[in-house]
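One letter stands for each residue in the lines below.
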Amino acid sequence: MSITFTKNKWEGPKGVFIVSPDLCKGCGLCIEKCPSQVIDWTKETGIYGTPIVGAKRIDRCTACSICVLVCPDAAIDVEKNKM
Amino acid sequence: MKSMPDSWRRETKPHKFCPGCGHGLVLKALGMAMDRLKIADRTVFGVDIGCSLLAWDFFNADTIQTHHGRTVPVIIGAKRARPNLVGIAYMGDGGGYAIGSQHLINATMRNDRILIIIVNNTIYAMTGGQMAPTTLKGQKTETSSRGRDPKYEGFPLRGPEMVASFAPEGAYVARGSVSHVQRLARYLERGLENQLQDRGISVVEALSTCPTNWRTNAEDTWKFLEKEMTDYYPVGELVSPFKRDTQKEAADLETCH
Ligand SMILES: Cc1ncc(C[n+]2csc(CCOP(=O)(O)OP(=O)(O)O)c2C)c(N)n1
Ligand code: SF4
Ligand code: SF4
Ligand code: SF4
């Protein structure tokens, strides 16, 4: 069975930042770990009815994928732009 | 980088752990290790009583939920009956170091060919945050409201160090942390390889988070894990039967997050 999750996308100079409201529980761990302060809260709520995150300052995103690694719910994807 | 390992069962996601729970990260690291070794279809994954049981439907792997503290003997039984299976026993620090400590000791003594993963979040999480063998000195919990006092409650237990002190030849013992998921995934992969090569037991502790019972926000959750916990519980490999190129190894771990 192939399951897909809803995607919120932000396109930046280095890549695309994707968050799924079906998965994000709003823990905020990614906000703390992003070395470029890209991630912040949005007005949207996710699967637990809690505020979820977005790439508010996407221009600063280096597509390093640290946020992908630290999300316990695998709610973030980062697609690096091809050089 | 893949956000969800292939061995994760997608239709059961979002998983059942609280927001910010470290179990999700330990299981991400384990999923990465299982993917690399392509073993999910022959793995038997055992979960304990405690928050670890919330992973009963987590992987595309056969899973069994056991009585509290008994995950190790159940997985040993499966492994002895079917040696081709990959046996993984997954539990909390209460399950591993309190009620199930006899099994940890006897399995190590016998060098049983399984991987034991103990998730150290310094408390009994599922029952509401009571003191565990791993609760830090001075740490407040539901049952140590003035903070753990070593005079009455003893010092926090360093599990991997205890296991390493009598680990037989071929054993693999390490402590990782969810603040370095890739490194933890490497340790778990080595633990699994050790079993696949029929060398000996593997015991990996994972320092983890429980924002719900710690009552911490994201910033303080990382701080407690990376400062207080890591100061008392050093991360690294304690016993390893692998002969390695240490320089390459250091470089490899250097690039890990
Ligand atoms: C034989 C037995 N004793 C006690 C309990 C109550 N109990 C349920 S979970 C738990 C401890 C869980 O803590 P831990 O093993 O550290 O796992 P965590 O929830 O922190 O992941 C206890 C004592 C039980 N279910 N069975
Ligand atoms: S990819 Fe790196 S820079 Fe971009 S949001 Fe994630 S952590 Fe921040
Ligand atoms: S770490 Fe994951 S679940 Fe937590 S706020 Fe960030 S995207 Fe959401
Ligand atoms: S109580 Fe703690 S360990 Fe259990 S699921 Fe919630 S955050 Fe995780």
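Structure: see above.
What comes next is a walk through the structure. Bear in mind the structure is a predicted one, so any value in this text is a computation, not a measurement. Starting afresh in each chain, residues are numbered from 1 along the sequence in its written order. Ligands are numbered from 1 and chains lettered from A, in the order in which they are written. In view of the model being predicted, local features appear only for residues whose pLDDT reaches at least 70, and side-chain atom pairs are presented and counted only at 80 or more, with totals across whole chains, interfaces and linings using the full set of residues. Remark: hydrogens and water are excluded; side-chain values derive from all non-hydrogen atoms of the structure.

**Some thoughts on the sheet that holds strand 3 (residues 86-92) of chain B**
All names here are of chain B. Pairing in this open sheet of seven strands is mixed, and the strands run 2-1-3-4-8-7-9 from one edge to the other. Strand pairing shows two members of the sheet lacking a second neighbour, strand 2 (62-65) and strand 9 (236-239), which therefore form its edges. Sheet twist, expressed as the average angle between the axes of neighbouring strands with direction ignored, equals 20°. For two strands to pair, DSSP has to find at least two bridges joining them. A helix here means a DSSP run of H or I that spans at least four residues, while a strand means a run of E at least two residues long, and both kinds are numbered starting from the N terminus. Pairing geometry for strand 4 (residues 115-120) and strand 8 (residues 202-207), over six bridges, is parallel. Along strand 8, the bridge assignment pairs I118 with E205. To obtain each axis, a line is fitted to C-alpha atoms, and for helices this fit is confined to the stretch in contact; angles are then taken between N-to-C directions over 0 to 180 degrees.

**Observations concerning the site of ligand 2**
Working definition: residue near molecule or strand if any one of its non-hydrogen atoms lies within 4 Å of it. Looking at ligand 2, there are 13 residues lining it, with C34(A), C61(A), C64(A), S65(A) and C67(A) nearest. In this classification, Asp, Glu, Lys and Arg are treated as charged, Ala, Val, Leu, Ile, Met, Phe, Trp, Tyr, Cys and Pro as nonpolar, and every other residue, Gly included, as polar. Here the shell around ligand 2 is composed, by residue class, of 10 nonpolar, three polar and no charged.

**Things to note about empty space enclosed by the protein**
Residues and elements named next belong to chain A. Any residue with an atom within 4 Å of a point lines the site, the site being either a cavity, points on a 1 Å grid over the protein atoms alone where a 1.4 Å probe fits but cannot get out, or a pocket, an open set with protein on both sides within 12 Å along at least 5 of 7 lines. Grid points are joined across faces, edges and corners, and a volume is the space filled by probe spheres set on the points. Under the counting rule described, the total for this entry stands at two cavities of 30 Å³ or more. One number sums up the size of the largest cavity: a volume of about 90 Å³. As for the largest cavity, its lining consists of 13 residues, of which C24, K25, G26, C27 and C71 are closest to the centre. Taken as a whole, the second largest cavity holds about 80 Å³ of empty space. Around the second largest cavity, the lining residues are F17, C34, P35, S36, V38, I39, C61, T62, A63, C64, S65 and C67.

**What to know about the site of ligand 1**
Residue and element names in this part refer to chain B. Near ligand 1 you find 17 residues, and of these C51, D93, G94, G95 and A125 are the closest. Under the rule applied, a polar contact is a pair of N or O atoms within 3.5 Å (in protein, one hydrogen donor and one hydrogen acceptor; residues adjacent in sequence only if both atoms are side-chain atoms). One of the backbone N or O atoms of C51 is found 2.8 Å from an oxygen atom in ligand 1. Within the backbone of G95, an N or O atom sits 2.8 Å from an oxygen atom of ligand 1. Per-residue accessibility takes into account occlusion by the displayed protein chains alone, with areas from the Shrake-Rupley method and a 1.4 Å probe. Starting from 590 Å² of accessible surface for ligand 1 in isolation, the protein chains cover 72%. Every element with two or more residues in the shell around ligand 1 is listed here: helix 3 (93-99) and strand 5 (123-124). Tallying contributions element by element places helix 3 first for the shell around ligand 1, with four residues. Class assignment for the residues of the shell around ligand 1 results in seven nonpolar, nine polar and one charged.

**So, the packing of helix 2 (residues 71-81) of chain B against helix 4 (residues 101-110) of chain B**
All names here are of chain B. Packing of helix 2 against helix 4 brings their axes to within 9 Å, and their N-to-C directions diverge by 30°. Taken together, helix 2 and helix 4 sit at an angle that is classed as roughly parallel. Packed against helix 2, whose contacting residues are V72, P73, I76 and R80, the element helix 4 presents H103, A107 and R110 at the interface. For the contact of helix 2 with helix 4, the per-class residue count stands at four nonpolar, one polar and two charged. Geometric relationships in this document are graded by angle, where less than 35 degrees denotes roughly parallel, more than 145 denotes roughly antiparallel, 65 to 115 denotes roughly perpendicular, and other angles denote oblique. Residue contacts are defined here by distance: any two heavy atoms, one from each residue, within 4.5 Å place the two residues in contact.

**Here's the deal with the interface of chain A and chain B**
By a widespread convention, an interface's size corresponds to the accessible area lost as its parts come together. Counting residues at the interface gives 25 residues for chain A and 28 residues for chain B. By buried area we mean the combined loss of accessible area, with a 1.4 Å probe, across both parts when two parts are placed together. In total, about 2300 Å² of surface goes out of reach between chain A and chain B, with carbon and sulfur atoms giving 67% of it. For the chain A face of the interface with chain B, the top three residues by lost area are L29(A), L69(A) and P72(A), together amounting to 28%. Every case where a carboxyl oxygen of Asp or Glu lies within 4 Å of a side-chain nitrogen of Lys or Arg is listed as a salt bridge. Where chain A packs against chain B, one counts one salt bridge. Across the pair E226(B) and K33(A) runs a salt bridge whose closest N-O atoms are separated by 2.5 Å. In this assembly, chain A and chain B are joined by 11 residue pairs in polar contact (both at pLDDT 80 or more). Elements that contribute at least two residues to the side of chain A that touches chain B include exactly helix 1 (29-33), helix 2 (66-70) and strand 5 (76-80) of chain A. If you tally residues by element for the side of chain A that touches chain B, the top one is helix 2 of chain A, at four residues. Within the side of chain A that touches chain B, the residues separate by chemical class into 16 nonpolar, three polar and six charged.

Function cannot be read off these values alone, since they describe shape.
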